[in-house]
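Take a look at the letters that make up each chain.
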Amino acid sequence: MLSARGLTKKFGGVVVAQDLDLDLELGRVVALIGPNGAGKTTLFNMLTGFVRPDGGTISFDGRRIENMPAHQRARVGIARTWQRPRLFESLTLLDNVMVSERDYLGESIGNLIFRHGEVERAEDDARDRALGFLDRVGLAARADSLSTRLSYGQQKLVGLARALMNDGRCILLDEPMAGVEGRTIETMKAVVRAEAEAGKAICIVEHNIGFIRDICDSAVFMFNGRIVASGSIDDLLADKRLGALYFGSHA
Amino acid sequence: MTEFFLTMAILAGLNVLLASGFNMILGYGGLVSVAQPVFYAIGAYTSALLSMKLGVPLPLAMLAGAALAAIASFGVSLPSLRVSGDYLVIASMGFQLGIVHVINNIELTGAASGLSGILSAVEGPGRSWIYAAIVWTICAVVILGIRWLVTGPYGRAITAMRNDEEAFASLGRDAMRIKVTLFAVGSGIAGLAGALYGHYFLFLTPDQFGIFSSATLLTMVVVGGAATVRGPVLGAILLTVLPEAIRFLQLPVSIMAPLQGVLFSALVILFIFLKPEGLFGGTAVGGLEAWQGRGTARSKAGGRV
Amino acid sequence: MDLSFELIAQLAWTGLASSSSYCLFAMAFALVLKVNRVWNFGQAGLMVVSYFGMYTAFRLLDLPPLAGAVFGAAITIAVAVALERWGFGTLRRRNSSVLTFFIFTIALAHGLVYTAELFFGTDPKTLFPSIISPVRLVGPIVVSDWDLTALATAAAMTTALWLFMRKTGEGKAMIAVSDDPDLAEMYGIDKNRAYAVAMMLSAVLLSAGMYLIGTKAAMFPATPMNQFLIFAVIATIMGGIGNVFAAGVAGVVLALMQSFSVLVIASTWQILLLYILIFVVIVIFPQGVVFKFRRGPSRQAGTLAPAVEETGEKQA
Ligand SMILES: Nc1ncnc2c1ncn2[C@@H]1O[C@H](COP(=O)(O)OP(=O)(O)OP(=O)(O)O)[C@@H](O)[C@H]1O
Ligand SMILES: [Mg+2]
């Protein structure tokens, strides 16, 4: 489905990605783990077009996409969330989710004028679907409030709802559990698990080991911009060397 | 006296068009260009020349002026995709001054002495009444059009884009297309205003379209409150009418003209320091500081994560 | 036209002499951009203040040249420092946007031009009743006293500025503030003082330039706004934004180009070329321009915001 080969990136001489390979397949959930600053977010940014790699190739569905602008990658089917929620703070939750539709007819003035009826119908349909996703993350009742009124964890759930509305076959989640507390933990878990079961190709950056064990099929371990190990979750978690890398750099 | 009030009404209407169009770019698009007067000029000269030299019927010539202004806006909107902040301000200023400089130096546009003999759109005794009605009808249509645009699905997308352009792109939205479109719409409106100006006042000079007129228009937008529909409308009316009040003092022209300039500048500066949030926009949406801290806000909050 | 050596030499000499004031205006503009981080379009207003300050001193108060020049410069310094303190200072504290600075400085310049027109009229004026300057022939070249005064003034001002910035405590403080105002403040430098000093120096440079202008030809109150300011901005951009002396050199180059325009392209089209140049330089090479900024620690938004988002972003 999504496969990257040899991705490399330097920021001002510092190597943050060195020859990275990654393969995501439909119906499988891959965990991307590693200590802070390992380059996990940078890898996501390269896959989604927000950081231009110095070298390497990315293909999606058999199509080379490394030169595609970010918004087009989303349109071919790569959805993502951000480490911070990054909601649109002047919009209501409902609008946040509605604007995330993959084919958003209202984006073109031409459509608004010449395909007015179609846009209206699409809006109605999008409203229903958006409310559905807000319901799934347990926030349908707050559809009309501004995102700034929510807790951090709730904001991340809206971020997830946006990505789901975007309806990519491939979903990249950047630390979905970080900052999520209380009841929202279970909601987050349930939604991600449901998406995995629905057969999407998913990659999750996460520090929460319980969550990874629970949901992911395999894992890739990054350290200092390199992939140092990959395989089953249990093997990676059992590896003392990786534990030392992980916790060593935390201390 | 009535004639004077009608002329004021026409000028105010044209400024409402200009400021509302500028607001599409500055307020809704979040692009800090200063070049709006040049699109006004392009519309004015194009329509005047097409009708004078080629005999194009006036309504068609005016639309052509608006269309050419919209097309010319790519000259600033495409660069705005690469540079922002100070550099966009200076680049747009270079664009504006460059084109005004050309107008100032070629025969076709009458060079520095100005273009006269422009065809009048309406003749007869009720000329000003009719023209004021036309201008304000167009204003009403444009304002309603803008309101329609910024409240529906398009408005949702514009707001999202201004809030977080990257998150916006990550959801498949094309920020570039929206910016270029907003620029073209705002500039097209300016072009139309220019065409309307020419066929009423019948005379154009290049120095109407300089940097001071940029500052004036910017003030109209921000005084009222950027990124609101009514802000630029009220700002434009206010700043057109207030400086004219001293006309009633019946001073000689040699004193009146500079005094008006002084008063206007003072008014602008007063607004900047006393009412930076705009008269009608809340601090959250509009006003002079709508663009403040762009760029740093996000890097402080944690960059591209 | 006869392209003789004499003609070329004469054009070069005249161009060089008349470049003196452009060089001073460019340095004044670039200095404020570098230290205060403001594109000070209000400079045109300060030029008007300086010119009519001197005009008042010479023509109305009958002061001798030196006293009159000092009088004009003193008024300009006072206005410039006030502008920094109550104008830029206030906007800076509010973290105002680029546009606010733009509107403020343009409105200020226009207000001052109109004020001058209100009090002194719109007709062109010279600083002295007679501006005839004795000339002599040096080889084939006509050299006037004005030429010599102008070149000497510009050279003296440039050297003094250079010495001030490199050798004095105030100058070093100014450079430190231009690199990073907050860091400089941690080292005990008063940044507001540095801003004021930069405005003062800028006012002195401007006044010297205006004196030269007004002793050569008559000037309209609006000329600084319509002509000198744009030249200073272009020279500053050509000089690489933030390099004061390079801006001065660019000012000289511009004046020479104008002088030779008779031979190459008409000066009106040269100016167009310059506008195109500004546009192209800023649009095509923003990274190049930014690179010069970015060598120092990151800049505050609002006054000199990063041009390219990508370089402005840092991972938290
Ligand atoms: N735009 C940028 N410019 C310069 N350096 C950057 C940029 N983005 C990331 N980096 C650097 O790249 C390295 C990897 O960062 P990245 O955010 O990818 O790590 P991460 O694995 O996601 O860490 P975390 O678990 O903290 O989110 C870090 O050292 C970071 O400082
Ligand atoms: Mg990360």
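Because the structure is a prediction, the values reported are computed rather than measured.

1. Some remarks on the overall build of chain C
Phase 1: Looking only at helices and strands, chain C has 13 helices and two strands in total.
Phase 2: Long-range pairs, those at least 24 residues apart, make up 73% of the contacts in chain C with a sequence separation of at least 6.

2. Thoughts on the packing of aromatic side chains
Phase 1: In total, this model carries 27 aromatic pairs over all chains according to the counting rule given.
Phase 2: Consider the rings of Y45 of chain B and F209 of chain B, whose centres lie 6.2 Å apart with planes at 65 degrees: the pair is edge-to-face. Here the residue Y45 of chain B occupies a position in helix α2 (residues 36–53), and F209 of chain B occupies one in the loop between β2 (203–204) and α10 (211–224), the gap between them amounting to 164 residues.
Phase 3: Given a relative accessible area of 1%, F209 of chain B falls into the buried group.
Phase 4: By the ring-pair criterion, three or more aromatic residues cluster together here, those being Y40, Y45, Y131, Y197, Y200, F201 and F209 of chain B.
Phase 5: Stacked on the ring of W82 of chain A, the Lys or Arg R80 of chain A has its end atom at 3.7 Å from the ring centre.
Phase 6: The aromatic ring of F88 of chain A is capped on one face by R162 of chain A, whose charged end is 4.6 Å from the ring centroid.

3. Quick look at unusual backbone geometry
As a rule of thumb, non-glycine residues mostly have phi less than zero, and peptide bonds are mostly trans rather than cis.
Phase 1: For D19 of chain A, which is not glycine, the phi dihedral falls at a positive 55 degrees.
Phase 2: Looking at the secondary structure, you find D19 of chain A in strand β2 (residues 14–24).
Phase 3: Phi angles above zero are rare outside glycine, and A111 of chain B is one such case at about 50 degrees.
Phase 4: Relative to the elements of secondary structure, A111 of chain B occurs in the loop between α5 (85–105) and β1 (115–116).

4. Examining the sheet that holds strand β9 (residues 218–223) of chain A
To summarise the sheet geometry, strands pair through backbone hydrogen bonds and adopt either a parallel or an antiparallel arrangement.
All names here are of chain A.
Phase 1: With mixed pairing, the six strands of this open sheet are ordered in space as β6-β7-β8-β3-β9-β10. Strands with a single pairing partner mark the edges of an open sheet, and in this sheet they are β6 (78–80) and β10 (226–231). For this sheet, the mean angle separating the axes of adjacent strands, direction not counted, is 20 degrees.
Phase 2: Bridge count for β9 against β10 is five bridges, and the pairing is antiparallel.

5. What to know about the sheet that holds strand β5 (residues 63–64) of chain A
Residue and element names in this part refer to chain A.
Phase 1: If you trace the four strands from one edge of the open sheet to the other, you get β2-β1-β4-β5, paired in antiparallel fashion. Strand pairing shows two members of the sheet lacking a second neighbour, β2 and β5, which therefore form its edges.
Phase 2: Where strand β4 (residues 55–60) and β5 come together, two bridges link them in antiparallel fashion. Bridge pairing in β5 places S59 opposite R64.
Phase 3: Relative to strand β1 (residues 2–11), helix α1 (residues 40–48) is tilted by about 115 degrees, and along the sheet it contacts β1, β2 and β4.

6. Regarding the pattern of salt bridges
Phase 1: Across all of its chains, the model carries 26 salt bridges over all chains by this definition.
Phase 2: Where R127 of chain A meets D124 of chain A, a salt bridge forms, and the shortest distance between an N and an O atom there is 3.4 Å. Residue R127 of chain A and its partner D124 of chain A are located together in helix α5 (residues 116–136), separated by three residues, close to a single helical turn.
Phase 3: Assessed through its relative accessible area of 31%, R127 of chain A is described here as partly exposed.
Phase 4: Judged by its relative accessible area of 43%, D124 of chain A falls in the partly exposed class.
Phase 5: Residues D123 of chain C and K125 of chain C are paired through a salt bridge, measuring 3.0 Å at the closest nitrogen-oxygen approach.
Phase 6: K125 of chain C sits in the buried class, given a relative accessible area of 9%.

7. Side note on the nonpolar core
Phase 1: Residues F41 and F102 of chain C are the most contacted members of the largest nonpolar core, which totals 196 residues.
Phase 2: With 14 residues, the single largest contributor to this core is helix α1 (residues 5–35) of chain C.
Phase 3: If we ignore the near neighbours within four places in the chain, the residues touching F41 of chain C are I90 and M93 of chain B together with F29, F102, T105, I106, A109, L229 and V233 of chain C.
Phase 4: Counting 43 residues, the second-largest nonpolar core is a separate cluster that includes M98, A143, I171 and L173 of chain A.

8. Points about a nonpolar patch on the surface
Residues and elements named next belong to chain B.
Phase 1: Residues L68, I71, F74, L78, L81 and M176 make up a contiguous nonpolar surface patch of roughly 530 Å² in combined accessible area.
Phase 2: Broken down by secondary-structure element, the contributors of at least two residues to the nonpolar patch are α3 (58–72) and α4 (74–80).
Phase 3: Mapped onto the fold, I71 is located in helix α3.

9. A short note on the pairing of strand β1 (residues 135–138) of chain C
Residue and element names in this part refer to chain C.
Phase 1: Bridge count for β1 against strand β2 (residues 141–144) is four bridges, and the pairing is antiparallel. Paired with L137 across the strands is V142, a residue of β2.
Phase 2: Between β1 and β2, which pair antiparallel one after the other, the connecting turn spans two residues, and G139 there sits at a positive phi close to 60 degrees.

10. Structural notes on the coordination of the magnesium ion (ligand 2)
Phase 1: At 1.9 to 2.2 Å from the magnesium ion (ligand 2) lie its protein donor atoms, namely T41 of chain A (OG1) and Q83 of chain A (OE1). Of this pair, T41 of chain A sits in helix α1 while Q83 of chain A sits in the loop between β6 and α3 (93–98), and the two are 42 residues apart along the sequence.

11. Some details on the pairing of β2 of chain A
Sheet faces and side chains relate simply in a regular strand, where the side chains alternate between the two faces.
Residue and element names in this part refer to chain A.
Phase 1: As judged from the seven bridges shared by β1 and β2, these two strands associate in the antiparallel manner. Bridge pairing in β2 links K10 to V15.
Phase 2: As consecutive antiparallel partners, β1 and β2 are separated by two residues, and within that stretch G12 has a phi angle of approximately 50 degrees, a positive value.

12. Here we look at the domain arrangement of chain A
Residue and element names in this part refer to chain A.
Phase 1: Each assigned domain of chain A is listed with its residue range as follows: domain 1 (1–77 + 170–251) and domain 2 (89–167).
Phase 2: Each of domain 1 and domain 2 was reduced to a C-alpha centroid, and the two centroids are 26 Å apart.
Phase 3: Across the contact, 20 residues belong to domain 1 and 14 residues belong to domain 2.
Phase 4: For the domain 1 and domain 2 pair, buried surface summed over both sides reaches about 1,300 Å², with 61% attributable to carbon and sulfur atoms.
Phase 5: Of all residues in domain 1, R75, M188 and V191 bury the most surface against domain 2, accounting for 36% of the area lost on that side.

Cut-offs and rules
- Residues numbered from 1 in each chain as written.
- Chains lettered and ligands numbered in written order.
- Predicted model: local features only at pLDDT ≥ 70, side-chain atom pairs only at ≥ 80, totals over all residues.
- Heavy atoms only, no water.
- Helix = DSSP H or I, 4+ residues; strand = E, 2+ residues; numbered from the N terminus.
- Contact = heavy atoms within 4.5 Å.
- Phe/Tyr/Trp six-rings, centres within 6.5 Å; stacked < 30°, edge-to-face > 60°.
- Buried < 20%, exposed > 50% of the residue type's maximum accessible area, 1.4 Å probe, protein only.
- Lys NZ or Arg CZ within 6 Å of the ring centre and 35° of its normal.
- Pairing = 2+ DSSP bridges.
- Axes fitted to C-alpha atoms, helices over the stretch in contact; angles between N-to-C directions.
- Salt bridge = Lys/Arg side-chain N within 4 Å of Asp/Glu carboxyl O.
- Core = buried A, V, L, I, M, F, W, Y, C linked by side-chain atoms within 4.5 Å.
- Patch = residues over 30% accessible without salt bridge, like charges linked within 9 Å, V, L, I, M, F, W, Y side chains within 5 Å.
- Areas by Shrake-Rupley, 256 points an atom, 1.4 Å probe, with all protein chains shown as cover.
- Donors = N, O, S within 2.8 Å, 3.2 Å for Na, K, Ca; no water.
- Domains from an automatic or database assignment.
- Buried area = accessible area lost by both parts, 1.4 Å probe.

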